[in-house]
Amino acid sequence: HMLVVRNDDRPGVIGVVGTVLGDAGINIADMDVGKSAQTGSALMLIAPTTPVPDAVVAALRRAPGVTSVHVLRG
C-alpha cells in the first residue's frame, strides 16, 4: 500500500501530512520526497505499514498545501 501525495513545495507540508497520518494511528514505514517538474510543486511517496482508510485519505486531500492524493493498493 502506498500514497502518492502532490503538494505545495513549501515548509511545513510534510509535517501536516505526517500529523494527519499520525493522528489516525498510521505508521510510516518509508517516505521519499522530492521536487516535481512543475515550479512550486513537490511529491511525496509514502509507504504506510497498514492500509490507509478512506476517511484518512479524504482528510489528507483537505489538508493545507496538499493538492492531490492517490492511493496505490497492493
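Values in this document were obtained by computation on a predicted structure and should not be read as measured data.

Undergrad: Help me get a handle on the sheet that holds strand S4 (residues 66-72), residues and values and all.
TA: What the four strands build is an open sheet, ordered S2-S3-S1-S4; its pairing is antiparallel. One side of each edge strand has no neighbouring strand; the edge strands of this open sheet are strand S2 (28-35) and S4. Neighbouring strand axes in the sheet, compared pairwise and without regard to direction, differ in orientation by 15° on average. Bridge count for S2 against strand S3 (residues 41-48) is seven bridges, and the pairing is antiparallel. Opposite Ile-28, over in S3, you have Pro-48 as the bridge partner. Of the strands in this sheet, strand S1 (2-8), S2, S3 and S4 are in contact with helix H1 (residues 13-23), which crosses S3 at around 30°. Helix H2 (residues 54-62) contacts S1 and S4 of the sheet and is inclined by roughly 155° relative to S4.

Undergrad: Could you give me a rundown of H1, with the residues and numbers involved?
TA: Every buried residue of H1 is listed here: Val-13, Val-17, Val-20 and Leu-21. Down the axis of H1, the sector holding all buried residues measures 95°, keeping them to one side. Gly-25 occupies a position one or two residues after H1 and carries a positive phi of about 75°.

Parameters at a glance
- Residues numbered from 1 in each chain as written.
- Predicted model: local features only at pLDDT ≥ 70, side-chain atom pairs only at ≥ 80, totals over all residues.
- Heavy atoms only, no water.
- Pairing = 2+ DSSP bridges.
- Helix = DSSP H or I, 4+ residues; strand = E, 2+ residues; numbered from the N terminus.
- Axes fitted to C-alpha atoms, helices over the stretch in contact; angles between N-to-C directions.
- Contact = heavy atoms within 4.5 Å.
- Buried < 20%, exposed > 50% of the residue type's maximum accessible area, 1.4 Å probe, protein only.
- Arc of directions from axis to C-beta.

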